[in-house]
Amino acid sequence: MVLLQVNKRTRNRAYDVLVQIGHTFGDEENGGKKENLYQFFNMVSILYFCLQSFITMLIEIVVIFIQI
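Residues numbered from 1 in each chain as written. Predicted model: local features only at pLDDT ≥ 70, side-chain atom pairs only at ≥ 80, totals over all residues. Heavy atoms only, no water.

S.K.: Would you mind going over the overall build of the protein with me for this structure?
M.R.: What the protein contains, in helices and strands, is two helices and zero strands. If you sum the accessible surface of the protein, you get close to 6100 Å²; carbon and sulfur atoms cover 65% of it. (Helix = DSSP H or I, 4+ residues; strand = E, 2+ residues; numbered from the N terminus. Areas by Shrake-Rupley, 256 points an atom, 1.4 Å probe, with all protein chains shown as cover.)

Here you go:
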């Protein structure tokens, strides 16, 4: 989602944040587990899907109101 940003600086920062999250959740030497990493990204992907669906629904509502 954030990696689709057009602005190169924003995209690079977003990538850095994702890498930090990966290291935090997946670092087994510091108590992290790969399972935690998978759960986190699964949760993020579900949230992304829900937001996408919500935005699509809002657009459809706006189109209906415009037609009225």
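Additional details are given in the paragraphs that follow.
S.K.: Would you mind going over the packing of aromatic side chains with me for this structure?
M.R.: Here a ring pair, both rings aromatic, is described through the centre-centre distance and the interplanar angle of the planes. Across all of its chains, the model carries one aromatic pair by this definition. Summarising the aromatic geometry, the rings of phenylalanine 40 and phenylalanine 41 are spaced 5.2 Å apart at their centres and angled 75 degrees between planes, so their arrangement reads as edge-to-face. (Phe/Tyr/Trp six-rings, centres within 6.5 Å; stacked < 30°, edge-to-face > 60°.)

S.K.: Explanation requested: a nonpolar patch on the surface in the structure shown.
M.R.: Taken together, the side chains of Phe54, Ile55, Met57, Leu58, Ile59, Ile61, Val63, Ile64, Phe65 and Ile68 make up a nonpolar region of the molecular surface, amounting to roughly 990 Å² of accessible area. Considering the arrangement of structural elements, one finds phenylalanine 65 in helix 2 (residues 34–67). Classification of phenylalanine 65 by relative accessible area gives exposed; the value is 58%. (Patch = residues over 30% accessible without salt bridge, like charges linked within 9 Å, V, L, I, M, F, W, Y side chains within 5 Å. Salt bridge = Lys/Arg side-chain N within 4 Å of Asp/Glu carboxyl O. Buried < 20%, exposed > 50% of the residue type's maximum accessible area, 1.4 Å probe, protein only.)

S.K.: What is the right way to look at the packing of helix 1 (residues 8–26) against helix 2 in this model?
M.R.: Each pair of packed helices can be summarised by the angle the axes make with each other and by the distance between the axes. For the pair helix 1 and helix 2, interaxial distance at closest approach is 7 Å and the crossing angle is 140 degrees. One way to sum up the angle between helix 1 and helix 2 is to call them oblique. Counting all contacts with helix 1, which are made through Leu18, Ile21, Gly22, Phe25 and Gly26, the residues of helix 2 involved are Lys34, Asn36, Leu37, Phe40 and Phe41. For the contact of helix 1 with helix 2, the per-class residue count stands at six nonpolar, three polar and one charged. (Axes fitted to C-alpha atoms, helices over the stretch in contact; angles between N-to-C directions. Parallel < 35°, antiparallel > 145°, perpendicular 65-115°, else oblique. Contact = heavy atoms within 4.5 Å. Nonpolar A, V, L, I, M, F, W, Y, C, P; charged D, E, K, R; others polar.)

S.K.: Would you mind showing me how to read the environment of glycine 22 here?
M.R.: Note that glycine 22 resides in helix 1. For glycine 22, a relative accessible area of 21% translates into the label partly exposed. The spatial distance from the C-alpha of glycine 22 to the C-alpha of leucine 37 is 6.4 Å, given a sequence separation of 15 residues. Not counting chain neighbours up to four residues away, the residues in contact with glycine 22 comprise Asp27 and Leu37.

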